[in-house]
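Overview (structure and organization)
Listed here are the chains, written in short residue letters.
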Amino acid sequence: ADRVRRICFYMKDTLTTDTSIRRAGWVGVASGRETSYKSFSFRLTMYMTKLVNNVLPIKMRACHVFNPSPAMHYVVSPAMKYMFSREMRLRWVLHVDCGDKGRDKLNKDLEEYNLSLDMLPKELGGNFELNLARWVGQRSIVETDLYMRRMEAETT
């Protein structure tokens, strides 16, 4: 639970530094493959939902979950939808069968939401090559710059 909280606060910090994201909002994509009945925490889900809906200064526009496990499909997703506003319930989308055989269906589903396979990481069935090391390096540069600007502002 603590790890999830830290990830969320880092995500908030990362998203709020970009003015275009603050204006337009953000779209979440996630894998539901690893979700199990044992790993599901209703309390943590409520905490996360309140954080995303009420605390973050930016709006979550939609969330797409790919390859949901049975637990995600039949327990977690309905529980989350119960806590969401009507608008967010309509924007919470499960994409089933995203493997090679379901690629055409997935592409058609994504087009319905103005997304494409090129925007989706390969791990979720898309074409986008996610380079985590490069992303961490880029974030380090951005965060160092932000830190230096904050320090400079405090001294002036």
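Residues numbered from 1 in each chain as written. Predicted model: local features only at pLDDT ≥ 70, side-chain atom pairs only at ≥ 80, totals over all residues. Heavy atoms only, no water.

For the rest of this paragraph, the subject is the overall build of the protein. Per the secondary structure count, the protein includes seven helices and three strands. Along the protein, helices and strands appear, N-terminal first, in the series α-α-β-α-β-α-α-β-α-α. By the burial criterion, 32% of the 156 residues in the protein qualify as buried. Pairs at least 24 apart in sequence give 70% of the contacts found in the protein among residues at least 6 apart. When the accessible surface of the protein is summed, it comes to about 10,800 Å², and 55% of that surface belongs to carbon and sulfur atoms. (Helix = DSSP H or I, 4+ residues; strand = E, 2+ residues; numbered from the N terminus. Buried < 20%, exposed > 50% of the residue type's maximum accessible area, 1.4 Å probe, protein only. Contact = heavy atoms within 4.5 Å. Areas by Shrake-Rupley, 256 points an atom, 1.4 Å probe, with all protein chains shown as cover.)

This part covers the side chain of Ser77. Within the secondary structure layout, Ser77 lies in helix α4 (residues 70–83). For Ser77, a relative accessible area of 4% puts it in the buried group.

Here we come to the sheet that holds strand β1 (residues 26–31). Each strand in a sheet pairs with another by means of backbone hydrogen bonds, the pair being arranged parallel or else antiparallel. Strand order across the open sheet formed by three strands is β1-β2-β3, with parallel pairing between neighbours. Strands with a single pairing partner mark the edges of an open sheet, and in this sheet they are β1 and β3 (92–95). Each adjacent strand pair in this sheet contributes to an overall mean axis angle of 15 degrees, direction not counted. The sheet strands contacting α4 are β2 (60–66) and β3, and the helix crosses β3 at an angle near 170 degrees. (Pairing = 2+ DSSP bridges. Axes fitted to C-alpha atoms, helices over the stretch in contact; angles between N-to-C directions.)

Glancing now at the confidence of the model for the protein. Taken over all residues, the pLDDT of the protein has a mean of 80, while the share at 70 or more is 90%. Mean pLDDT values over the elements of the protein span from 71, in helix α3 (residues 42–55), up to 89, in β3. (pLDDT = per-residue confidence, 0-100.)

The next point concerns the pairing of β2. Judged by how many residues are buried, β2 sits mostly within the fold: six of seven residues are covered. As judged from the six bridges shared by β1 and β2, these two strands associate in the parallel manner. Residue pairing for β2: Ser31 is matched across the bridge by Phe66. As defined by bridge partners, β2 adjoins β3 across four bridges and the pair is classed as parallel. For His64, the partnering residue across the bridge sits in β3 and is Val93.

Further remarks concern the pattern of salt bridges. Within this structure, the stated rule accounts for four salt bridges. Between Lys59 and Glu87 there is a salt bridge, and its shortest N-O distance comes to 2.6 Å. With Lys59 in the loop between α3 and β2 and Glu87 in helix α5 (residues 86–90), this pair connects stretches of sequence that are 28 residues apart. Residue classification places Lys59 among the partly exposed residues on the basis of a relative accessible area of 37%. One salt bridge connects Arg149 with Asp145, and the closest N-O pair in it is separated by 2.4 Å. Highlighted residues: Arg149 and Asp145, both in helix α7 (residues 132–155), separated by four residues, approximately one helical turn. Relative accessible area serves as the criterion here: at 51%, Arg149 is assigned to the exposed category. (Salt bridge = Lys/Arg side-chain N within 4 Å of Asp/Glu carboxyl O.)

Moving on to the nonpolar core. Leu15, Trp26, Ile58, Met60, Cys63, Val65, Met72, Val76, Met80, Phe84, Met88 and Trp92 form the largest nonpolar core, which has 12 residues in total. Within the residue set of this core, elements represented by two or more residues are β2 and α4. Of all hydrophobic cores here, the second largest spans six residues; its members include Leu106, Leu110, Leu120 and Leu124. (Core = buried A, V, L, I, M, F, W, Y, C linked by side-chain atoms within 4.5 Å.)

Along helix α6 (residues 103–112), the residues that are buried comprise Leu106, Asp109 and Leu110. Viewed along the axis of α6, the buried residues span an arc of 100 degrees, placing them on a single side of the element. Opposite the buried face of α6, by more than 90 degrees, sit the exposed residues Asp104, Lys108, Glu111 and Glu112. Two residues or fewer after α6 comes Asn114, characterised by a positive phi angle close to 60 degrees. (Arc of directions from axis to C-beta.)

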